[in-house]
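So you can see what is in the structure, the chains are spelled out below.
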Amino acid sequence: MICRELLLVAAVVLLLPGCDLCWPRGGSLQECRDPADDDDVADDDDATGDDDDSGDDDDSGDDDDSTPHPCDVGPFGTPTLDDAGYSMTCVREGTFWMGSPPGEDGRGPDEDQHRVELTRPFLLGTTEVTQSLFETIWGTSAWDCIYGCSDTHPAYSISWLMAAEWLNLLSTEDGLTPAYTFIDGGLDATWDPTADGYRLPTEAEWEYAARADEPYVYSGSDEWTDVAWCGGAADPPYEARSVGEKAANAWGFVDLSGNVAEWTWDVYGDYPTDSLTVDPTGAAPNGYQRTHRGGAFPFTSPLMCRVARRSNNLAADTNWNRGFRIARSLR
């Protein structure tokens, strides 16, 4: 009689809503999950104890869906950038194929296609840094105007070292922490990823933004004439153009396939061979040979303006077809 009553009590308890029990082999009745998770719903509570099961999994400690994604906060300007009419676009984290598939026309031996995951959102200039904005911070120009001059032309004849120094100056101007510390007598620099100041995009960030989740050979189109100043004599006059005169890609970026080429942070080297690379920053932490990406107006073939194409030069090298655009970490 007593055994029958015990079994009846156990059955009733097991049927109570909100109470998940189990009977481990050789053990006694016990709860199978954390007592704080008491509502019998998929918990998703990040061990915070509130267990409101809202599904956001934002690790903020409250799980109340009140933590917006950084890209939803905006606007992303500052007085300096706003005064210059320079905008930045927020790029969400994601995974993509970097490099070019076998058989793509113009494919180089250093473009091995591989999977890359970017785990952090970032800001990237919608356009290349303009001459007006560059002069505001630098105090003077760095170009001789032979290849185009106006407030809205891209700054060119910029070395990687100049770009890094300029970005530090802009960070200081806007009250942010500079991202770079110069070493080796000013011939190289280290990057503090925790700094909130302006910086160059990594090569992976650059290509991710240029592809914009689209399948095109060029940034925003399979027709280079839609999106790029490229091709030299086939695309006269032989000079840079004001930023944004060609069509944007799906995420709003312009001139990534051609106006001036653009420096990235990365030391140049072979792509990694891992099945998935997370937040790559180049072949080495430091080095004098830096990667630049994107097409440029004097290139002799539009195939040199493909999204996947890579090139590199010494960090101290200046060239009249090379500039940069601004990036900034969000978290």
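Calculation criteria
Positions within a chain are numbered from 1, following the residues in the order the chain's sequence is written. In view of the model being predicted, local features appear only for residues whose pLDDT reaches at least 70, and side-chain atom pairs are presented and counted only at 80 or more, with totals across whole chains, interfaces and linings using the full set of residues. Hydrogens and waters are ignored; side-chain quantities use all the structure's heavy atoms. A run of DSSP states H or I qualifies as a helix once it reaches four residues; a run of E qualifies as a strand once it reaches two. Both are numbered from the N-terminal end. In this analysis, two residues are considered to be in contact whenever any of their non-hydrogen atoms come within 4.5 Å of each other. The definition of a polar contact used here is a pair of N or O atoms within 3.5 Å, where within protein one atom must be able to donate a hydrogen and the other to accept one, and adjacent residues in sequence count solely through side-chain atom pairs. Ring geometry is summarised as follows: Phe, Tyr and Trp rings, the Trp one being its six-membered ring, pair when their centres sit within 6.5 Å, and such pairs are stacked at plane angles under 30 degrees, edge-to-face over 60 and tilted between the two. For the exposure calls, accessible area comes from a 1.4 Å probe over protein chains only, and a residue counts as buried if that area is under 20% of its type's maximum, exposed if over 50%, partly exposed in between. Criterion for a charge above a ring: Arg CZ or Lys NZ at most 6 Å from the ring centre, at most 35 degrees from the ring normal. A pair of strands is considered paired only if DSSP assigns at least 2 bridges between the two. A fitted line through C-alpha atoms represents every axis, and for helices the fit uses only the stretch in contact; the resulting angles, taken between N-to-C directions, go from 0 to 180 degrees.

J.: Which parts of the structure should I look at to understand the environment of Y180?
T.: Tracing the backbone through its elements, the reader meets Y180 in strand β7 (residues 180-183). Contact partners of Y180, with chain neighbours within four places excluded, come to A164, L167, N168, A189, T190, W191, Y198, R199, L200 and W265. A polar contact of 2.8 Å, which involves the side chain of Y180, links it to the backbone nitrogen of L200.

J.: Looking at this structure, how should I read the packing of aromatic side chains?
T.: How two aromatic rings sit relative to each other is set out by the distance from centre to centre and by the angle between their planes. This model, assessed by the stated rule, comprises 17 aromatic pairs. Between the aromatic rings of F134 and W166, the centroid separation amounts to 5.9 Å while the plane-to-plane angle is 5°, which identifies the pairing as stacked. Taken as a pair, F134 in helix α3 (residues 131-138) and W166 in helix α4 (residues 160-173) lie far apart in primary sequence, 32 residues in all. Judged by its relative accessible area of 0%, F134 falls in the buried class. Considering the side-chain rings of W143 and Y156, the 6.1 Å spacing of their centres and the 40° angle between planes classify their relative orientation as tilted. Of this pair, W143 sits in the loop between α3 and α4 while Y156 is found in the loop between α3 and α4, placing the two residues 13 residues apart along the sequence. The pair W143 / Y156 is uniform in exposure class, with both members buried. Three or more aromatic residues joined by ring pairs make a cluster, and in this case those are F134, W138, W143, Y156, W166 and F324. Over the ring of W229 we find K246, and its NZ or CZ is 4.2 Å from the ring centre.

J.: How do you make sense of the side chain of E104 when you look at a structure like this?
T.: Among the secondary structure elements, E104 is positioned in the loop between β4 (94-98) and β5 (114-118). Setting aside chain neighbours within four positions, we find E104 in contact with V217, R306 and A308.

J.: I keep staring at the side chain of D279 and nothing clicks. Help me out?
T.: Tracing the chain through its elements places D279 in the loop between β11 (277-278) and β12 (289-293). Using a relative accessible area of 18% as the deciding quantity, one classes D279 as buried. Polar side-chain contacts of D279 include one of 2.5 Å to the side chain of T119. If we ignore the near neighbours within four places in the chain, the residues touching D279 are E117, L118, T119 and R120.

J.: For this particular structure, what's the right way to read the sheet that holds β11?
T.: By definition, the strands of a sheet pair up through backbone hydrogen bonds, in either a parallel or an antiparallel sense. If you walk across this open sheet you meet the three strands as β4-β5-β11, and the pairing is mixed. Looking at the sheet topology across the chains shown, the edges are occupied by β4 and β11. Two elements, β4 and β5, share five bridges in a ladder whose sense is antiparallel. In the sheet register, M98 faces β5, and the bridge partner there is H114. Sitting on the sheet, helix α5 (residues 203-211) is in contact with β4 and β5, with an inclination near 90° to β4.

J.: It is not clear to me how the sheet that holds strand β6 (residues 122-125) should be interpreted in this structure. Could you clarify?
T.: If you walk across this open sheet you meet the four strands as β3-β6-β15-β9, and the pairing is antiparallel. The open sheet has two free edges, formed respectively by β3 (88-91) and β9 (198-199), since each of these has just one partner strand. Direction of pairing for β3 relative to β6: antiparallel, over a ladder of four bridges. Across the sheet, the residue bridging to C90 is L123, located in β6.

J.: Explanation requested: the pairing of strand β10 (residues 261-267) in the structure shown.
T.: In the case of a regular strand, side chains alternate between the two sheet surfaces. Across the seven residues of β10, seven count as buried, placing the element largely inside the fold. Across three bridges, the pairing between β10 and β12 is antiparallel. Note on β12: the bridge partner recorded for V267 is R290.

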